[in-house]
Amino acid sequence: MGYDRDFLGVDLPFPTTDDAGGAPAAGETLLEYVHFSVLLDHDRRLARVTGVNIDGARLIDLGRSDDWRLDERVRAEWQAGPAVYARNDLDRGHLVRRRDPVWGDDAAAANADTFVYPNAAPQASGFNQSKELWLGLEDHVLAYAETNDSRLSVFTAPVFGDDDPRYRGIRVPLLFWKVAAWADDGELAAVAFLLDQSPVLDRGELERPVTSGPPPLGPFRTFQVAVTRIESLAGVDLGSLASADRLPAAVGVRGTRPLASLADIVL
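Being a predicted model, the structure only gives us computed values, none of them experimental.

Here is what the cut-offs are and how they apply
- In every chain, residue numbers begin from 1 and rise along the written sequence.
- Two thresholds apply to this predicted model, a pLDDT of at least 70 for residue-level local features and 80 or more for giving and counting side-chain atom pairs, whereas whole-chain, interface and lining totals are computed over all residues.
- Each side-chain value is worked out from all heavy atoms of the structure, with water and hydrogens disregarded.
- In DSSP terms, a helix is any run of H or I states spanning at least four residues, a strand is any run of E spanning at least two, and both are numbered starting from the N terminus.
- Any residue under 20% of the maximum accessible area for its type is buried, any over 50% is exposed, and the rest in between are partly exposed; the area is computed with a 1.4 Å probe on protein chains only.
- By definition in these notes, contact holds between two residues if any of their heavy atoms fall within 4.5 Å.
- In protein, a polar contact requires one atom able to donate a hydrogen and another able to accept it; more generally it is a pair of N or O atoms within 3.5 Å, and residues adjacent in sequence count only if both atoms are side-chain atoms.
- Two strands form a pair only when DSSP identifies at least two bridges running between them.
- Take the buried Ala, Val, Leu, Ile, Met, Phe, Trp, Tyr and Cys residues and link them wherever side-chain atoms come within 4.5 Å; each set so joined is a nonpolar core.
- What pLDDT expresses is the predictor's confidence in each residue, scored from 0 to 100.
- Grid points spaced at 1 Å and placed over the protein atoms alone form the basis of the search, with a cavity being a set where a 1.4 Å probe fits but cannot get out and a pocket an open set showing protein on both sides within 12 Å along at least five of seven lines. Lining residues have an atom within 4 Å of a point.
- Grid points are joined across faces, edges and corners, and a volume is the space filled by probe spheres set on the points.

What follows covers the environment of Ser37. Here Ser37 lies in strand S3 (residues 36-41). Since its relative accessible area comes to 3%, Ser37 is described here as buried. The residues contacting Ser37, other than those within four sequence positions of it, are Gly2, Tyr3, Phe14, Leu30, Leu31, Glu32, Val49, Thr50 and Gly51. Engagement of the side chain of Ser37 in a polar contact is seen with the backbone nitrogen of Tyr3, the distance being 2.8 Å.

Here's what the structure looks like:
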């Protein structure tokens, strides 16, 4: 159960929030599932960090059930549950992708575990080219890593912004981050990405009553960014991933590289 820090053959601890000292901070609970873990933030009612181990050589193709459920180990009011997603165009976006932990003898249990609300975050519905790019990042990195090792550890979560729009008792994240790590000849390697679903409309127009419907989130934009930028934006400690970053500091403004296709990724 849970994220395995030794999965890549090099020590890679589960990320923590800033100044947490390697353990969940006050107001957080670490939830362990088959092949992945979720650090749940009680106040935001969403994951602060998720981490999954992916064995590309042992992945199993199983159907999806869409049987979403609350995690009974923690209070319902700490989770952004079904009421957030009812009667609107918001998707329950998997943070740990459904297929990523679905490998090995307990693949079916892992598949079911991905459908817990702590592993979901509200995302704008509609799959345009940029969102498809976001979903394909892990497959692309995994294919690259297979030349040396078919295993990945991937960390994904929303960025908790102070100006995220309020909606049905939560704040809808405008940014999401992802860091993929693998072993390259025994050395840790990593790449980091940022997804932007900022609204097209003026930010002030989103502060509307609950009854007025979901916030009009805009198109998705995807960037490759420096691992250190993720740490700064999200307030998380990614440990040795920063020194393992494959994106040269000179690439892009402040370590940001807009992606139009998978071919733009620096590995």
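Here Ser153 lies in strand S7 (residues 151-159). Polar side-chain contacts of Ser153 include one of 3.0 Å to the side chain of Asn53.

Now for the side chain of Arg97. Position of Arg97 among the secondary structure elements: in the loop between strand S5 (90-94) and helix H2 (107-113). The class for Arg97 is buried, based on a relative accessible area of 11%. Among the polar contacts made by the side chain of Arg97, one reaches the side chain of Asp139 at a distance of 3.2 Å. The residues contacting Arg97, other than those within four sequence positions of it, are Thr114, Leu135, Glu138 and Asp139.

Turning our eyes to something else, we now look at unusual backbone geometry. Look at His35: it is not a glycine, yet its phi comes out positive at around 70 degrees. Along the chain, the position of His35 falls in the loop between strand S2 (28-33) and S3. Here Asp66, not a glycine, exhibits a phi torsion of approximately 55 degrees, which is positive. Topologically, Asp66 is positioned in the loop between strand S4 (46-55) and helix H1 (82-85).

Okay, the pairing of S4 next. Within a regular beta strand, the side chains point alternately toward one face of the sheet and then the other, so they alternate between its two faces. For S4, the buried fraction is high: 10 of the 10 residues fall into the buried class. Pairing of S3 with S4, which is carried by 6 bridges, proceeds in the antiparallel orientation. Bridging across to S4, Ser37 finds its partner in Gly51. Hairpin remark: S3 followed by S4, antiparallel, with 4 residues in the connecting loop; positive phi at Arg45, about 65 degrees. Relative to S7, S4 runs antiparallel, the two sharing 6 bridges. Considered in S7, the bridge of Asp55 is made with Arg151.

Within the largest apolar cluster, 46 residues are counted, with the highest numbers of intra-cluster contacts made by Leu137, Val141, Leu152, Trp182, Val191 and Phe193. Residue contributions to this core peak at 6 residues, all from helix H3 (residues 129-145). Non-local contacts of Leu137, meaning those with residues more than four positions away in its chain, are made with Phe193, Thr222, Leu259, Leu262 and Ile265. In this structure, Leu39, Val179, Leu194 and Val236 belong to the second largest nonpolar core, which totals 28 residues.

Mean pLDDT over the chain: 87, with 88% of residues reaching 70 or higher. Segment residues 199-210: pLDDT under 50, and 24 contacts once partners within four positions in sequence are set aside and those in other chains are kept.

This part covers empty space enclosed by the protein. One pass over the structure, following the stated rule, counts 2 cavities of 30 Å³ or more. Here the second largest cavity defines a volume of roughly 40 Å³. What lines the second largest cavity is Ile54, Leu59, Arg97, Arg99, Asp100, Glu138, Asp139, Leu142 and Leu152. Sort the elements by how many residues they give to the lining of the second largest cavity and H3 lands first, with 3 residues.

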